[in-house]
Amino acid sequence: MQRTTMTADDEGKPVVNSAGDEIGIVSDVRNGNAHVKPDPSLTDKIKSKLGWDQADEESYRLEDERVDSVTDDEIRLKN
């Protein structure tokens, strides 16, 4: 079953882009908002596209409008 809202059960799930490449992992869900710890190899260009331009942060809030689906195995982002 697919959904787009986040719950505490989503902590630890990989976050993948529309091509299926892993870009990070959900480190925490607070008030329905997922916070993602990015893959260390994620480029600054991709971080900027996601609005994650604060270099000193360890995790970043995942904006709901960027989520395509949430499954039992992963969180997939829109293209």
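The rules behind these values
- Residues numbered from 1 in each chain as written.
- Predicted model: local features only at pLDDT ≥ 70, side-chain atom pairs only at ≥ 80, totals over all residues.
- Heavy atoms only, no water.
- Helix = DSSP H or I, 4+ residues; strand = E, 2+ residues; numbered from the N terminus.
- Buried < 20%, exposed > 50% of the residue type's maximum accessible area, 1.4 Å probe, protein only.
- Contact = heavy atoms within 4.5 Å.
- Areas by Shrake-Rupley, 256 points an atom, 1.4 Å probe, with all protein chains shown as cover.
- Pairing = 2+ DSSP bridges.

This paragraph deals with the overall build of the protein. Along the backbone of the protein there are one helix and six strands. When the helices and strands of the protein are read in sequence order from the N terminus, they spell out β-β-β-α-β-β-β. Buried residues in the protein amount to 34% of all 79 residues. Taking contacts inside the protein between residues at least 6 apart in sequence as the whole, the part at least 24 apart equals 43%. When the accessible surface of the protein is totalled, it reaches about 5,100 Å², and 42% of it is carbon and sulfur.

The six strands lie next to each other as E4-E3-E2-E1-E6-E5, forming an open sheet whose pairing is mixed. One side of each edge strand has no neighbouring strand; the edge strands of this open sheet are strand E4 (60-61) and strand E5 (67-70). Both E5 and strand E6 (residues 75-77) contribute to a ladder of three bridges, which runs antiparallel. When the sheet's bridge partners are listed, Val67 is paired in E6 with Leu77.

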